[in-house]
Structure formats: C-alpha cells, structure tokens
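These are the residues of each chain, in order.
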Amino acid sequence: MTAPAPYLPSPSPALSQADQEALTDLYVRGTPANTLRAYERDLLYITAWADAAFKKSLEWPERQDIALAFILDHARDLNDAPPEDRARQAAESLIEQGLRKSLTCPAPSTLDRRVASWLAFHRMKNLASPFDAPQVKQARAKARRAAARPLAPKSQHPITRDVLEQLLATCRGSRRDCRDRALLMLGWASGGRRRSELTGLRREDVSCKEFDDKGFVWLSLLETKTTQKGETPRLVLKGRAAQALVHWIEVGRIENGPLFRPISKADRVLKRRLSPDAIAQIVKHRLKLAGLPKNFASPHGLRSGFLTQAALDGAPIQAAMRLSLHRSMAQAQKYYDDVDIAENPAADLLG
C-alpha cells in the first residue's frame, strides 16, 4: 500500500498554482529529512489501519470517532481479545503487512508519535484536528497513563571512556580501521553525535585551518534533532580526536562529499556516504573485536557515554550540553543523576 505524500498541504482556492507549489516546496525544505520519513511511515501505518479496521480511506479532516477508535485499538493488549474482535483483526492484518510486530500493546511513545504525525498532517492541510475533541483528548491522556512504563535506555550500556578505549584498540592500520577510529572518536568527543548526524557530515563541514597551530578541528553540522538549519553552533574537536579525523581525511583522500564512506573488501574507499545502519554495524563489529557482547551497546552509547563520562569527571552539565546540544536540561540531567546516586555515600550505609 502506498501512502499519499503527508507533507503536501491541501490546495486552497485562494492560492494560485505557483503559490501552491511554492508552499509545498517550503514544507519539504523546512522539515528535517528524518521527520519527513517518519511522517511517511506513520501515514502508511495509519492508512493501512483505517483500511483494515473500517475498510475506509483517510478523510481530511478525519472523523472524531475514527480518531477515538485509533487510540482505543492501540491502548490495550490484544493477545487476549477474541478472534472476532475488530481491533485484533485489524492488528493481525497489519502484522501480515509487516507494519506491526505483535498483538502486544504498543509503547505509549509509539502511539504518541503516530498521533502527533496525524496532527501534523491536519495542520499542513490547515484543517481542524479530531484529536482536539474533549473526549478524544481525555482518552489519549488515559491511554498514556494506563500504559505507562519505564523508558528503556536507547543503549544497554553507555560507552564511557574506558569502553571507548577498548574499541579504539581494535583499530589498527587499514583504511577501515582509520575510518572507524575517526568515526568513534568524533562521535564521542564532539558531544555524542547521533547516527544521522555522523552520516550527514560532509568534508565541507570540517575546517582544519587551526589544526596545525592549535590542534583544533571545527565541525559545522547542518542540523540536528534539536536544532534547525542555520542555528546549529559549531563544534570543536581537540587532541586525539582531531588527529584521528585529520588522519582519516588524508588516508581516505576525502576532498569533498561525504566524510564517512563505505570501504570495499579490497580496502578501497567508496564515494557514497555510510548509512545510519552501517554505524550500528561498525559499533557491533568493534564490540565483538574488543571481546564485548555485540549487544553491549548501540551507537547511542556514544552519546550517553559522553554525558556519563562528563558527569564522572565533574564537568559542569552546561558545558557538556554545549557539545551534546541537548535542548532539555532534564534529559541531560538523567545521566548526571545516575552518577550522583551511584557515588552517594548514603548508598553505602550497610557496607
């Protein structure tokens, strides 16, 4: 099933065709690529659900009873529902299509994201949202509370400095080793970069003008999850991380284009950029070479590890956030709180 483009605003009689095309282009250019992809996935899911549950297409604006049914269908565990239950039958259809994993109640965050996407579609089309109706809003709040569960960490373990050193020790002399060493060190030392930020970096985003004199390398990220285009502050690499990146640029002969690229079995650097999934495979590979379980940590462990290490070393949280680019103090504080409670002498009263 192919979902309609979610980011296209509905035609307005007040706009000319040229203005409508300009508005559509503005939505596309003004929305991060990752967000557009999430919108498309969510719209595909919602469209398939409406067809499976009610044999209908989406309406704009959508009916309130359909919005309420969507919340109710995703606010309970359907494993115990009878075979003839409409919600269970719809879920089984989605499982067959590969759009849903099981009959288990989805995580509240998943439901929230899909509802938020549906809301965004209505805003794009300048339409009132069915999720603003009092009964629907109340059901959504109750569903969130009823299914509340502790948030699972994105990485099983943070990649703190000692773990990072173990991974770096597996990087020896090949071009692949040089690339992985630079990627891991940049991803960690620049504040804990996300996979999409690492794969999105280009040679043009790296300034080595101050490397010879000061040992600095400056990074200019186009955008991040918490910053928009043109608003992301420059980040700095120093010491070993800067040296590793400059060495990779020289060894890989990266003059322009993607900074981190696939490498062939013959140790030849290719022209295209790494995919976000490739970052995960690199982390797994280095964990295995270091003698650690492959599921010991995920790429997000670079981010959580940077903040955890900053807390362990006593770095002010504001200084760490200037590199991590966390927008929420509360989110960054969690890593500091974990360290504080572990080091709290009151935890050792029993001996």
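Note: the structure precedes this text.
Residues numbered from 1 in each chain as written. Predicted model: local features only at pLDDT ≥ 70, side-chain atom pairs only at ≥ 80, totals over all residues. Heavy atoms only, no water.

Attention now moves to the packing of helix 8 (residues 175–189) against helix 12 (residues 276–289). Where helix 8 contacts helix 12, the axes come no closer than 11 Å and their chain directions differ by 105°. Of the possible angle classes, the one that applies to helix 8 and helix 12 is roughly perpendicular. Across the interface between the two elements, Arg176, Asp177, Arg179, Asp180, Leu183 and Leu184 of helix 8 pack against Ile279, Ile282, Val283 and Arg286 of helix 12. Split by residue class, the contact of helix 8 with helix 12 holds 5 nonpolar, no polar and 5 charged. (Axes fitted to C-alpha atoms, helices over the stretch in contact; angles between N-to-C directions. Helix = DSSP H or I, 4+ residues; strand = E, 2+ residues; numbered from the N terminus. Parallel < 35°, antiparallel > 145°, perpendicular 65-115°, else oblique. Contact = heavy atoms within 4.5 Å. Nonpolar A, V, L, I, M, F, W, Y, C, P; charged D, E, K, R; others polar.)

Taken together, the buried positions of helix 7 (residues 161–168) are occupied by Val163, Leu164, Leu167 and Leu168. Viewed along the axis of helix 7, the buried residues span an arc of 140°, placing them on a single side of the element. Close packing links the buried residues of helix 7 with helix 8, helix 11 (239–251), helix 12 and helix 13 (300–312). (Buried < 20%, exposed > 50% of the residue type's maximum accessible area, 1.4 Å probe, protein only. Arc of directions from axis to C-beta.)

Across the junction of tryptophan 60 and proline 61, the peptide omega takes the value 0°, indicating a cis bond. Tracing the sequence through the fold places proline 61 in the loop between helix 2 (33–54) and helix 3 (64–73). Positive phi is not limited to glycine here, since asparagine 126 has a value of about 60°. Overall, the relative accessible area of 72% leaves asparagine 126 in the exposed class. The phi angle at aspartate 267 is positive, at roughly 65°, despite the residue not being glycine. For aspartate 267, the location among the structural elements is in the loop between helix 11 and helix 12.

Right, let's get into the sheet that holds strand 2 (residues 217–219). With antiparallel pairing, the 3 strands of this open sheet are ordered in space as 1-2-3. The sheet is open, and its two edges are formed by strand 1 (206–207) and strand 3 (235–237), each paired on a single side. Judged from the 3 bridges that link them, strand 2 and strand 3 form a sheet pairing that is antiparallel. When the bridges of strand 3 are listed, valine 217 appears paired with leucine 237. Packed on one face of the sheet, helix 11 meets strand 1, strand 2 and strand 3 and runs near 80° to strand 2. (Pairing = 2+ DSSP bridges.)

This paragraph deals with the nonpolar core. In summary, soluble globular proteins display a tendency toward joint burial of nonpolar side chains. Leu186, Leu245, Trp248 and Phe260 are the most contacted members of the largest nonpolar core, which has 54 residues in total. Ignoring anything within four residues of it in the chain, the contact list for tryptophan 248 reads Arg175, Cys178, Arg179, Ala182, Arg253, Ile254, Leu259, Phe260, Arg261, Ile263 and Val269. Judged by nonpolar contacts, the second largest core, of 30 residues, contains Tyr45, Ala50, Leu111 and Phe131. (Core = buried A, V, L, I, M, F, W, Y, C linked by side-chain atoms within 4.5 Å.)

What follows concerns the side chain of arginine 114. Inspection of the secondary structure assignment puts arginine 114 in helix 5 (residues 108–124). Looking at arginine 114, the relative accessible area reads 12%, which means it is buried. Apart from the residues within four sequence positions on either side, arginine 114 is in contact with Asp42, Tyr45, Ile46, Phe70 and Leu99.

Attention shifts here to the environment of cysteine 105. Residue placement: cysteine 105 occurs in the loop between helix 4 (86–96) and helix 5. Along the sequence, cysteine 105 and arginine 76 sit 29 residues apart, while their C-alpha atoms lie 5.1 Å from each other.

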